[in-house]
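# Close look at the chain arrangement
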There are 2 protein chains.
Amino acid sequence: MTNTLDLVRGKWKPALLYYLAEESPRRFGTLLRLFGGLVTQHTLTQQLREMEHDGLVTRVVYAEVPPRVEYSLTDKGYSLRALMEQIYQWGEQHVG
Amino acid sequence: MTNTLDLVRGKWKPALLYYLAEESPRRFGTLLRLFGGLVTQHTLTQQLREMEHDGLVTRVVYAEVPPRVEYSLTDKGYSLRALMEQIYQWGEQHVG
DNA sequence: CTGCATCCTGAACGATACTG
DNA sequence: CAGTATCGTTCAGGATGCAG
């Protein structure tokens, strides 16, 4: 279970799950702008790579100039997003 | 939702939730021994106090010599424990 | 027995500058 | 545009010793 929580152990991962579930694929720059300067490129890249490693997102690089990289949610990612929704619902009842 | 995850943001909190759901109340020393030296007094005290502050456990001090302190799970604690079970189930299916 | 005080380490995250 | 490289800060958690 801790293993599951580890998948969202990362400051921006829950939000990334949310944004990518809302619309996939999304470009790196788009995601960066969605956070409005609250997160750095460094950190965003890091968290996306970890999520890719965990099988939550897929990363597709297009050989173009300028470069384009798109991130999409996997089935596992969508499933985890649904679980997060459960958790959110619990919070609504017990925390307010 | 992050607010909910914050309640178990703490290395030993999920385990404490588990042990206290299994049997309440439990003494401090008992909990400490359950972890078999993997956690220090310092950290265990800290996490229990945070859980108390979050309304997950109640702390009862008995004015005896030697001192006795017992921790119990609250209704909210049991409820969170149930949610953790949901999370665990998800992990079984998607992580193995 | 329980827990507080102090010090310390490691990992997460941010700031900034540079590159294909 | 989408990174990588470095460095600095913060903070959870551990080690150890002391106290009621």
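Small disclaimer: the values here were computed from a predicted structure and weren't measured.

## A short note on helix α5 (residues 75-94) of chain B
The end-to-end C-alpha distance of α5 of chain B, which contains 20 residues, comes to 29 Å, matching closely the 28 Å that a straight helix rising 1.5 Å per residue would cover. Of the residues making up α5 of chain B, those classed as buried are G77, S79, L80, L83, M84, I87, W90 and G91 of chain B. Along the axis of α5 of chain B, the buried residues cluster in a sector spanning 160°; they form a single face. Away from its buried face by more than 90 degrees, α5 of chain B exposes D75 and Q93 of chain B. Those residues of α5 of chain B that are buried are in contact with α1 (2-6) and α5 (75-94) of chain A together with α1 (2-6), α2 (13-22) and β3 (68-73) of chain B. Looking one or two places after α5 of chain B, you find G96 of chain B, whose phi comes out positive at around 90°.

## Some remarks on the layout of surface pockets
Considering only enclosed or pocket space, the largest pocket measures out at about 510 Å³ in volume. Looking at the largest pocket, it is lined by 19 residues, and the ones nearest its centre are L5 and R9 of chain A together with V8, R9 and G10 of chain B. Elements represented by at least two residues in the lining of the largest pocket include exactly α1 of chain A together with α1 and α2 of chain B. Among the residues forming the lining of the largest pocket, the class breakdown is 10 nonpolar, 4 polar and 5 charged.

## As for the protein's contact with DNA strand D
Close to DNA strand D lie 23 residues, the nearest being G29, Q41 and R59 of chain A together with K11 and Q47 of chain B. Among the atoms of DNA strand D close to the protein, meaning within 4 Å, 69% are from sugar or phosphate groups. One of the side-chain N or O atoms of R59 of chain A is found 2.6 Å from a phosphate oxygen in DNA strand D. Elements with a minimum of two residues in the surface near DNA strand D: α3 (28-34), α4 (41-53) and β3 (68-73) of chain A together with α4 (41-53) of chain B. Take the surface near DNA strand D: its biggest share by element is 4 residues, from α4 of chain A. Taken together, the residues of the surface near DNA strand D break down into 9 nonpolar, 9 polar and 5 charged.

Cut-offs and rules
Residues numbered from 1 in each chain as written. Chains lettered and ligands numbered in written order. Predicted model: local features only at pLDDT ≥ 70, side-chain atom pairs only at ≥ 80, totals over all residues. Heavy atoms only, no water. Helix = DSSP H or I, 4+ residues; strand = E, 2+ residues; numbered from the N terminus. Expected span 1.5 Å × (residues − 1). Buried < 20%, exposed > 50% of the residue type's maximum accessible area, 1.4 Å probe, protein only. Arc of directions from axis to C-beta. Contact = heavy atoms within 4.5 Å. 1 Å grid on protein atoms, 1.4 Å probe; cavity = no way out; pocket = protein on both sides within 12 Å on 5 of 7 lines; lining within 4 Å. Points joined across faces, edges and corners; volume = space filled by probe spheres on them. Nonpolar A, V, L, I, M, F, W, Y, C, P; charged D, E, K, R; others polar. Near = heavy atom within 4 Å. Polar contact = N/O pair within 3.5 Å; in protein donor to acceptor, adjacent residues only side chain to side chain.

Distances and angles like these do not, on their own, reveal function.
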